[in-house]
Structure formats: structure tokens, C-alpha cells
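# Examination of the molecular architecture
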Amino acid sequence: IGVVTYTQDDPFINAMTDQLKENLKKMETDHMKIITTVKNGDDNQQDQNEIVEEMIDAGCDVLCVNLVDRTAPSRIIRMAKQEDIPVLFFNREPVREDLMQWEKLYYIGCNAEQSGIMQGEIVADYIKNHPEVDKNQDGKIQYILLEGEAGHQDAISRTDYSVKTLLEQGINLEKLSYQFADWNRGQAENRMSRLIEQYGDEIELVISNNDEMALGAVEAYKNAGYMQSDYPVIFGIDGLDDALEAVRLGTMQGTVYNDRETQARKIALIAVALFRGNDVSVLGLEDERYYMAQYRKVDVNNVDEFLQK
Ligand code: GAL
Ligand code: CA
């Protein structure tokens, strides 16, 4: 099984890939050894295509691909189809038209819209229960939004739906700034440090498309010399261990669990079923091609359940 990710330094993807390897290992039997090779595309679609080609030449039976550019899967699809090797795309969703090009293409991920709605709901609940979030008491919440990656399905929908949900819940918002930080903690810290210089105590809320960037915002406040009680409220998505710990400690107020266990397990189950020529329709796929895991809301009240995993 050839697994190729878009980069080597995305903690969520690495955590999910580790789980995938464990799952595949557990599925070995006396009669079936599973050899998993994991590589990354180094943020370059061209490079990723070449890695896929090498994996095919090396004789892999199933491909699991986390595309660099989700709009450019054509070359990979063509190569795989030629050798009759099924492809399980995950996390970076090809457009439907591409996935329908051949019957042995699958997608395992989540419904991005759901994560945005859930994030909006957690933030709204928190604000309703904590009027002190509105530091200057002007009836509006001044906010910053940290965005993942331009063009990524999760960044687009999370941004849209978290804000839309907050407005629907009757929260009065005032946008200070939206900044792309590529899902990355360091980049978010830099962006946030500049915003702190610019806006200071005006910032009351930070909504982040993922946890790594939310943690970058926490770092920025720490480095700017703020006491924890003076931080704005900060929300992420993914439920990575560092973020769960931050929610427990109160440097972050909430996150949305991006269920990497279920996604990794499904990828492993589908990959092995395809290898054995078994029927995959029993695995709960939508439109015979899609498996979408459910997100879950996390805040200080239930964070311990997730930390114990
Ligand atoms: C998202 C996840 C981000 C990042 C991205 C990469 O689902 O929330 O943290 O890993 O996928 O494609
Ligand atoms: Ca305010």
C-alpha cells in the first residue's frame, strides 16, 4: 500500500497517517502481509505525481493519496487507471467530476461545512455564557479569523460557516482582519504578533480554521507578554493533543474533533477490501465512493473524554 501525503510537516496529517499504519499492521494475517510505504509530496504536485509513479513501478496494489493540489488529480488518476490500481484520496477532496472519472476512485474525509457550523455553535455558546468576552462592552465582538490554505475545501467552508453560524445565533460581530497562515503554527504566530501590535486589546475573539494556527495565536499572546486572563478567546478545529491540553488549561476555549481514528480505520478497511476483491458497499460509503466521518464539538466540559484516547 502506497501512502503519499501533501507535505511532511502537517501534524494532523502525520497523526492520521500514523493511525493508518497501525490499522494496516493490525489487519495482517498469517496469509497476508501488508507492506505500507509512506512518502510525502513536499508541497509540490509535480513531485507527488512522480512519487506515485515510483510507487506504481514498485508494484503497489492500492494507493492512498492526500493531494497537494486538490484540483489536479488527473495525472495520478490516469497512471493508476492504466495499471488498474485503486486510489483512495483522503483529506484533500478532489472535485466530484474528477472522482467520477473511474469507478476505483474513493474519497475519505469529512464534511467541512459541519466543522464550520459546530465551531460557530461552540463560539456562540461560549459568548452567551461569558459576557466578559466583549472586553470594551460595545455590544460587538471584534474578531480575527485565521484561514488555512487558499482553495482548500476545509478553509473555505470553515470560514464561511463559522461566521454565518455566529451571525445566525445573534452574535454581533466586527471583523478586524482575515489572514491566511497555511494551517501552520509558526506562520499564524507571526501573523498574530503583527495583529497584536496593530490592534492590541481590541481583539476579543480569534477563530482559527485549525488547531495548529490557534496554538500559534496562543504563542503570540504569550510572547507579547500578555497574562492568560487578558487573552481573547481562541477556538480551533482538529482536536490534536496540544490543543486538547490548551482547552483543558484554558488558553483555548474550544475545538472541533476531526476524527482521525475513524478516517484512518476506514481507509485501511477499504484498502484491504479492494486488495482482496471484496465488496466495499458494506462499508457505509455514500454514492459508492465517499466516506465522510462526523465531527464532534469539544470544550472544557468534555475535553477529558478526548484526552484519554
Ligand atoms: C484539515 C485539517 C488541517 C490540515 C489540513 C490539511 O482537515 O484540519 O489541520 O491538516 O486538513 O489538508
Ligand atoms: Ca467589543
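Residues numbered from 1 in each chain as written. Chains lettered and ligands numbered in written order. Predicted model: local features only at pLDDT ≥ 70, side-chain atom pairs only at ≥ 80, totals over all residues. Heavy atoms only, no water.

### Looking at the site of ligand 1
Near ligand 1, the surroundings consist of 13 residues, among which D10, N91, H152, D154 and D238 are the closest. At 2.8 Å from an oxygen atom of ligand 1 is found a side-chain nitrogen or oxygen belonging to D10. Here an oxygen atom of ligand 1 sits 2.9 Å away from a polar atom, N or O, in the side chain of N210. At the level of elements, α1 (11–26) and α6 (153–168) are the ones that each hand at least two residues to the shell around ligand 1. (Near = heavy atom within 4 Å. Polar contact = N/O pair within 3.5 Å; in protein donor to acceptor, adjacent residues only side chain to side chain. Helix = DSSP H or I, 4+ residues; strand = E, 2+ residues; numbered from the N terminus.)

### Let's talk about helix α7 (residues 185–199)
Between its first and last C-alpha, α7 extends 20 Å over 15 residues, near the 21 Å set by a 1.5 Å rise per residue. Within α7, the full set of buried residues consists of A188, M192, L195, I196 and Y199. Mapping the buried residues of α7 onto a view down its axis gives an arc of 105°, with all of them on the same face. Among the exposed residues of α7, those pointing more than 90 degrees away from its buried face are R194, E197 and Q198. One or two positions beyond α7, positive phi appears at G200, with a value near 50°. (Expected span 1.5 Å × (residues − 1). Buried < 20%, exposed > 50% of the residue type's maximum accessible area, 1.4 Å probe, protein only. Arc of directions from axis to C-beta.)

### Focus: the pairing of strand β11 (residues 290–293)
The alternating pattern of β11 places Y290 and M292 and Y291 and A293 on opposite faces, both of which are buried. Across 4 bridges, strand β5 (residues 105–110) lies against β11 in parallel orientation. Looking across to β11, one finds that Y107 is bridged to Y290. (Pairing = 2+ DSSP bridges.)

### Quick look at the coordination of the calcium ion (ligand 2)
Here the calcium ion (ligand 2) is held by D134 (OD), N136 (OD1), D138 (OD), K140 (O), Q142 (OE1), E204 (OE) and E204 (OE), and the distances to it run 2.3 to 2.5 Å. Looking at Q142, the relative accessible area reads 3%, which means it is buried. Looking at E204, the relative accessible area reads 1%, which means it is buried. (Donors = N, O, S within 2.8 Å, 3.2 Å for Na, K, Ca; no water.)

### Overview of unusual backbone geometry
Phi at D84 takes a positive value of approximately 60°, unusual for a residue other than glycine. Note on placement: D84 falls in the loop between α3 (74–82) and β4 (87–90).

### Comments concerning the side chain of R92
As for its placement among the helices and strands, R92 is situated in the loop between β4 and α4 (96–99). Here V68 takes part through its backbone oxygen, which lies 2.8 Å from a polar atom of the side chain of R92. One polar contact links R92 to E149, side chain to side chain, over a distance of 2.7 Å. Ignoring sequence-local partners within four residues, the contact set of R92 consists of Y6, N66, L67, V68, R70, Y107, E149, H152, Q153 and W183. (Contact = heavy atoms within 4.5 Å.)

### Looking at the sheet that holds β5
Read across the sheet, 6 strands follow the order β2-β1-β3-β4-β5-β11 without closing on themselves; strand pairing throughout is parallel. This sheet does not close on itself; its edge strands, each paired only once, are β2 (37–40) and β11. If you compare each strand with its neighbour and ignore which way they point, the axes differ by 15° on average. Strand direction decides the pairing type here: strand β1 (residues 2–5) and β2, joined by 4 bridges, are parallel. Its bridge partner being in β2, V4 is matched across the sheet by K39. (Axes fitted to C-alpha atoms, helices over the stretch in contact; angles between N-to-C directions.)

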